[in-house]
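One-letter residues, chain by chain:
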Amino acid sequence: MQRFKLSQSNRWAIACLISISTLFLVWFVSPIPSLLAKPQAQVFDRVWQTVNENFFDPKFNGVDWKAMREQYKSQAVRAKSTPEFATVVNQMLSQLRTSHTRYYTADEPAYYQLLGIFAKRNPDLQKQLKKFLPQGKIEYPGIGIFTKEIQGKTFISGILEGSPAAKAKLKVGDRIISIDGKPFQPIQSFANVGKPVAIAIQRNADTQTQQEIEVTPQIYDATTMFLKAQQASTQIIQKEGKKIGYVHIWSYAGDKYQQQLEEDLMYGRLKDADGLVLDLRDGWGGASPNYLNIYTANGPSVTMTGRDRQSSTANYQWKKPVVMLVNEGSRSGKEILAFGFQRYKIGSVVGSPTAGAVVGGRPFIMPNGSVLYLAVADVIIDGKYRLEGKPITPDITVPFTLEYAQSADPQKERAIETVTSYQAQGAGTSWEQGDKGDKGDKGYKGELALPHSLRSWGLGGEGRQGGQGRITINDQ
């Protein structure tokens, strides 16, 4: 019998082959493939650690935060997709029972919107984003809609004015069945910018009413989109012989939104309005309390007359009726405005209770480019009122059912009726009569002031980086 003898080099090669095969076998039978688990484990650990070091409450709202890591990590690293991983992380974050605390991925419009709010004012954030947004642009494809899941069905909950969705006559309350025959995805469904997509929608509960509407997606610049929508929303509505001004402020995270509003009220499309409906429903917060000063502070009007004897008068305060419109999507800084609106009797608040989400948040970039939005500061109003978890109840509550609403908006209609009735009654001073002697009035009844040094915390969106602490807002 012939025997084969192996050289030393051959024996070494076979040993290596056996070792490699063994490693592959261990990898294959392992319940958590290491190549998949490592990135997710890294991101999960970073999320947990960021909360551990930056959440405003060192007691984590009564939650055993270390136990949360043990409870959720194994689920997170076993996740088979980015959405599944995000769901697990958000389940963990929800245990903190605090607003402004959520994990976002690039598959969500809110990811870009949040970065668009913060990045422009935060050089460090801009630097971190270069790795994930090499063009330096915070933008995404879309048609200008917000959606809400109700019992496993997707409904349009909001439509940006001037958007492709608005031009295509999509309506709030439409149920989205599919996009080009495929399940709806907030970003991926509109990736082919400039090319029409067929949106299958259902307008009422009868499934026989399904139809298709063509819409052409566009690129949205997250740093400018909300201001453009605000400008497109601004209009005069004729009601009982009166001119009622209307503006929808989707985001209040930055002075540019208030500056645009004041310009329209003083010199622009709203200057001849007999009353104003200020719609703060949905979108993002970020409003500074001093935005109320235009409705409450006293000041003279200025009349200028030229050589031709033509005169023009400018008023630097809005002294006509104003009604604020809110809902459960009105959050953070917008809720502070609603609080001040009621306390200082500026006008009626109409709609449904607000979100009860009033803390200061800021974004943190994770190793894979995802974003952890985290509550880093508590917020106290007038030294004693904490609005987190305590929604503002409107003076006039108007229920609204989203499903199959077919663009009916009873809240907006009631707000228009309310401001019209104020104007008709000649109630031009009712909202100027702040409670005499309110602490801190200093001659300006109802004026709220926020020190400039505190305006960077990000009440619902606006702000630079901040650490742990509390924000106290006083009218002093």
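Residues numbered from 1 in each chain as written. Predicted model: local features only at pLDDT ≥ 70, side-chain atom pairs only at ≥ 80, totals over all residues. Heavy atoms only, no water.

1. Regarding the sheet that holds strand β9 (residues 235-239)
Rule in force here: Whether two strands pair depends on DSSP finding at least two bridges between them. Where helices and strands are cited, they refer to DSSP runs of H or I of at least four residues and of E of at least two residues respectively, numbered from the N terminus. We call two residues contacting when some pair of their heavy atoms lies within 4.5 Å. All axes are obtained by fitting lines to C-alpha atoms, using only the stretch in contact for helices, and the reported angles, taken between N-to-C directions, cover 0 to 180 degrees.
Ordered by their spatial adjacency, 6 strands build an open sheet running β9-β10-β11-β14-β15-β18, and the pairing between neighbours is mixed. Pairing within the sheet leaves two strands with one partner each, and these edge strands are β9 and β18 (396-397). Alignment of strand β11 (residues 275-279) against strand β14 (residues 322-326), held across 4 bridges, turns out to be parallel. Bridge pairing links Asp 279 to Leu 325 in β14. Along the sheet, helix α8 (residues 225-233) makes contact with β9 and β10 (242-248), crossing β10 at roughly 165°.

2. Topic: unusual backbone geometry
In this structure, Ser 332 is a non-glycine residue whose phi angle is positive, near 60°. With respect to the helices and strands, Ser 332 occurs in the loop between β14 and α11 (333-343). Unlike most non-glycine residues, Gln 406 shows phi in positive territory, near 55°. Along the chain, Gln 406 turns up in the loop between β18 and α12 (410-424).

3. Quick notes on the nonpolar core
The nonpolar side chains of a soluble globular protein tend to be buried, and buried together. Which entries qualify depends on this criterion: Definition of nonpolar core: a set of buried residues of the types Ala, Val, Leu, Ile, Met, Phe, Trp, Tyr and Cys, connected through side-chain atoms within 4.5 Å. Each residue is placed in one exposure class: buried if its accessible area under a 1.4 Å probe, protein chains only, is under 20% of its type's maximum, exposed if it is over 50%, and partly exposed if it falls in between.
Grouped together as the largest cluster of nonpolar side chains are 63 residues, with contacts concentrated most on Tyr 252, Leu 261, Leu 278, Tyr 295, Trp 318 and Met 324. At 7 residues, helix α5 (residues 109-118) tops the list of elements feeding residues into this core. The next biggest cluster of nonpolar side chains, apart from the first, holds 29 residues, and it includes Phe 44, Phe 56, Phe 85 and Leu 93.

4. Some points on the pattern of salt bridges
Definition in use: Think of a salt bridge as a Lys or Arg side-chain nitrogen and an Asp or Glu carboxyl oxygen that are within 4 Å of each other.
Summed over the entire model, instances satisfying the criterion amount to 10 salt bridges. A salt bridge links Arg 281 to Asp 279; the shortest N-O distance between them is 3.0 Å. Assessed through its relative accessible area of 8%, Arg 281 is described here as buried. Each of the salt bridges in this network shares a partner with another, and the network as a whole consists of Asp 45, Arg 69 and Lys 73.

5. A short note on α5
Counting buried positions along α5 gives 10 out of 10 residues, so the element sits mostly inside the fold. Residues Pro 109, Ala 110, Tyr 111, Tyr 112, Gln 113, Leu 114, Leu 115, Gly 116, Ile 117 and Phe 118 constitute the buried set of α5.

6. Focus: the sheet that holds strand β4 (residues 153-159)
Overall, antiparallel pairing links the 5 strands, which are arranged β3-β4-β5-β6-β7 in an open sheet. Looking at strand neighbours, the two that pair on one side only are β3 (145-150) and β7 (211-215), the edges of this open sheet. Shown here is a sheet whose adjacent strand axes are inclined to one another by a mean of 45°, direction ignored.

7. Details of helix α4 (residues 82-94)
Residue pairs three or four apart in sequence face the same way in an α-helix, which turns once every 3.6 residues. So the rule is basically this: The span expected for a helix works out to 1.5 Å for each residue beyond the first. We call two N or O atoms a polar contact when they sit within 3.5 Å, provided that within protein one can donate a hydrogen and the other can accept it, with sequence-adjacent residues counted only if both atoms are side-chain atoms.
Along its 13 residues, α4 runs 18 Å from first to last C-alpha, staying within 8% of the 18 Å computed at 1.5 Å per residue. If you check which residues of α4 are buried, you get Phe 85, Ala 86, Val 88, Val 89, Asn 90, Met 92 and Leu 93. For α4, the side-chain oxygen to backbone nitrogen distance between the N-cap and Glu 84 is 3.2 Å, and the N-cap itself is Ser 81.

8. Topic: the packing of α8 against helix α9 (residues 255-266)
To be explicit about the condition: Roughly parallel means an angle under 35 degrees; roughly antiparallel means over 145; roughly perpendicular covers 65 to 115; every other angle is labelled oblique. Note: crossing handedness is left-handed where the near helix turns anticlockwise from the far helix by less than a right angle, and right-handed where it turns clockwise.
One way to put it is that α8 packs onto α9 with a least axis distance of 10 Å and a crossing angle of 15°. Judged by the angle between their axes, α8 and α9 are roughly parallel. Considering how the two elements wind past one another, α8 and α9 form a crossing that is right-handed. Mapping the contact onto sequence places Phe 226, Leu 227, Gln 230 and Gln 231 in α8 and Lys 256, Tyr 257, Gln 260 and Leu 261 in α9.

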